[in-house]
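Survey of secondary and tertiary structure
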Amino acid sequence: MGLPLYVSRNGVLIPPSQASVPIFNSALYGAFGVYESMQVANGVVFEQGAHLVRLARSAGILELPLPASLATFERWIAEVLAVNAAPDCTLRLFVVGAENGGEVTAFIWPQPTVAYPPALYAHGAPAITFEGQRFLPEAKSLNTLVSFLSRRRAHAIGAHEALLHHGGAFTEGSNSNLFAVIEGIVLTPPAEAVLSGVTRDVLFSLAAENDVALREARLAVRDLPRWDECFITSSTRHIMPITTIDGRPVGDGEVGPLTRRLMALFEAYFAQATAREASVLRR
Ligand SMILES: Cc1ncc(COP(=O)(O)O)c(C=O)c1O
């Protein structure tokens, strides 16, 4: 799958060439808009309800009215997946603000899922640190410049992700949530300072069900040498271990046992949640 056959624009299926935003739209000068990225496997949108609730929360933070109810969004998603015959993809959803009295517009389309090299999961990925923070961090807004610049710097030196910090503490990855393991406890920065990731939320439930100690805590940059393990989470990556930060090994530089355990728990949950029987395309 390269370009989709159709993009949904407020529920109307249009060719990708028509899926555009005028230069006058405040999405361009102002980044006034919100978005979501969801994983689709076997025709099942993983945690669709949670993504749509977050979409509404992000829009609320920006005081951007959504163009339809969440139930209507679910219908638009099912339609665009069916017309593109895209049972396995990453689903992108943008809602951009109205300009000059025009309508608020939601664009939804499938794109190929990024296949990260298996070695990143087997041996861990390199990350860098980057000072900066997203504006309105609880919202998944189109204002992603700090994410873009930090990730570009990471990629330029062969690292996979940039870990953002501000005021002496880590917040999140450029487009991921951050977790550190210190003395057998999994720690992640508090939700107020970060995007509350859907993957992060699933991990909290899985940890609680499986007696893994997982808590929110301030992760001071100066405590980095105390970290035994580190990993990041996101919809496209699931759980990815981080084994070097700024060229220095995290712990012993290997993927740690708690990271491996959570990876296995998450993959089992994902496989079950997206099993073929749950497919929206077969309903
Ligand atoms: C800044 C930021 N934090 C965290 C995440 C992870 O969120 P999710 O697990 O919902 O994909 C993302 C995803 O793109 C992100 O952009």
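Residues numbered from 1 in each chain as written. Predicted model: local features only at pLDDT ≥ 70, side-chain atom pairs only at ≥ 80, totals over all residues. Heavy atoms only, no water.

1. Details of the overall build of the protein chain
A count of helical and extended segments in the protein chain gives six helices and 16 strands. Expected size for 283 residues packed as a compact globule is a radius of gyration near 19 Å; at 19 Å, the protein chain falls within 12% of this value. Dimensions of the protein chain, computed from C-alpha atoms along their principal axes, come out at roughly 55 × 45 × 30 Å. Counting across all 283 residues of the protein chain, residues that qualify as buried make up 50%. Partitioning the contacts of the protein chain with sequence separation of at least 6, the portion at a separation of at least 24 is 69%. Total accessible area on the protein chain stands at roughly 13200 Å², and carbon and sulfur atoms take up 55% of it. Each charge class in the protein chain can be summarised by its mean position, and for the 22 positive and 26 negative side chains these summaries are 4 Å apart. (Helix = DSSP H or I, 4+ residues; strand = E, 2+ residues; numbered from the N terminus. Rg over C-alpha atoms; globule rule 2.2 N^0.38 Å. Buried < 20%, exposed > 50% of the residue type's maximum accessible area, 1.4 Å probe, protein only. Contact = heavy atoms within 4.5 Å. Areas by Shrake-Rupley, 256 points an atom, 1.4 Å probe, with all protein chains shown as cover. Lys, Arg positive; Asp, Glu negative; His and termini not counted. Charge placed at Lys NZ, Arg CZ, Asp CG, Glu CD.)

2. Focus: the side chain of glutamine 39
In this structure, glutamine 39 sits in strand S3 (residues 33–41). Side chain to side chain, glutamine 39 and threonine 90 meet in a polar contact 3.0 Å long. What glutamine 39 contacts, discounting residues up to four positions off in sequence, is Val44, Val45, Phe46, Cys89, Thr90, Thr113, Ser235, Thr236 and Phe270. (Polar contact = N/O pair within 3.5 Å; in protein donor to acceptor, adjacent residues only side chain to side chain.)

3. Some words on the environment of alanine 156
With respect to the helices, strands and loops of the structure, alanine 156 is situated in helix H4 (residues 145–156). On the basis of relative accessible area, alanine 156 is assigned to the exposed category, the value being 66%. C-alpha separation for the pair alanine 156 and glutamate 47, spaced 109 residues apart in sequence, amounts to 33 Å.

4. Digging into the side chain of threonine 259
For threonine 259, the position within the fold is in helix H6 (residues 257–273). Residue threonine 259 is classed as buried on the basis of its relative accessible area, which comes to 1%. Leave out the neighbours within four places in its chain, and threonine 259 touches Glu229, Cys230, Phe231, Ile239 and Pro241.

5. What to know about the pairing of strand S15 (residues 238–245)
Most of S15 sits out of view: seven of its eight residues are buried. With three bridges connecting them, strand S7 (residues 125–131) and S15 associate as parallel partners. Considered in S15, the bridge of proline 126 is made with threonine 244. Where strand S14 (residues 229–234) meets S15, four bridges bridge the pair, whose relative direction is antiparallel. Along S15, the bridge assignment pairs serine 234 with histidine 238. Where S14 folds back on S15, the antiparallel hairpin that results is connected by three residues. (Pairing = 2+ DSSP bridges.)

6. Considering the domain arrangement of the protein chain
According to the domain assignment, the protein chain contains domain 1 (7–111) and domain 2 (118–271). Taking the mean C-alpha position of each, domain 1 and domain 2 sit 26 Å from one another. Contacts between the two partners involve 21 residues from domain 1, matched on the other side by 18 residues from domain 2. Contact between domain 1 and domain 2 buries roughly 1700 Å² in total, counting both sides, with carbon and sulfur atoms accounting for 71%. The largest share of the area that domain 1 buries against domain 2 comes from Tyr35, Phe46 and Arg54, three residues that together contribute 35% of it. (Domains from an automatic or database assignment. Buried area = accessible area lost by both parts, 1.4 Å probe.)

7. A look at the environment of alanine 180
Within the secondary structure, alanine 180 is located in strand S10 (residues 177–182). Alanine 180 sits in the buried class, given a relative accessible area of 0%. Sequence-wise, alanine 180 and phenylalanine 231 are 51 residues apart; in three dimensions their C-alpha atoms are separated by 6.6 Å. Discounting residues that sit within four places of it in the chain, alanine 180 has contacts with Ile185, Val186, Leu187, Leu219, Trp227, Glu229 and Cys230.

8. Regarding the site of the ligand
What surrounds the ligand is a group of 16 residues, the closest being Arg54, Lys140, Val198, Thr199 and Ser235. Take valine 198: an N or O atom from its main chain is 2.8 Å from an oxygen atom of the ligand. Contact between the ligand and threonine 199: an oxygen atom at 2.6 Å from a side-chain N or O atom of the residue. Relative to its unbound accessible area of 390 Å², the ligand is 94% covered by the protein chains. Listed by contribution, the elements that provide at least two residues to the shell around the ligand are helix H5 (198–209) and S14. Split by residue class, the shell around the ligand holds three nonpolar, nine polar and four charged. (Near = heavy atom within 4 Å. Nonpolar A, V, L, I, M, F, W, Y, C, P; charged D, E, K, R; others polar.)

9. Focus on the sheet that holds S3
Ordered in space as S2-S1-S6-S5-S3-S4, the six strands form an open sheet in which the pairing is antiparallel. Both edges of this open sheet fall to strand S2 (12–14) and strand S4 (44–45), since each of them pairs with a single strand only. Relative to strand S5 (residues 89–96), S3 runs antiparallel, the two sharing eight bridges. Bridge pairing in S5 links glutamine 39 to threonine 90. Sheet strands in contact with helix H1 (residues 48–62) are S3, S4 and S5, and its direction is about 175° off that of S3. (Axes fitted to C-alpha atoms, helices over the stretch in contact; angles between N-to-C directions.)

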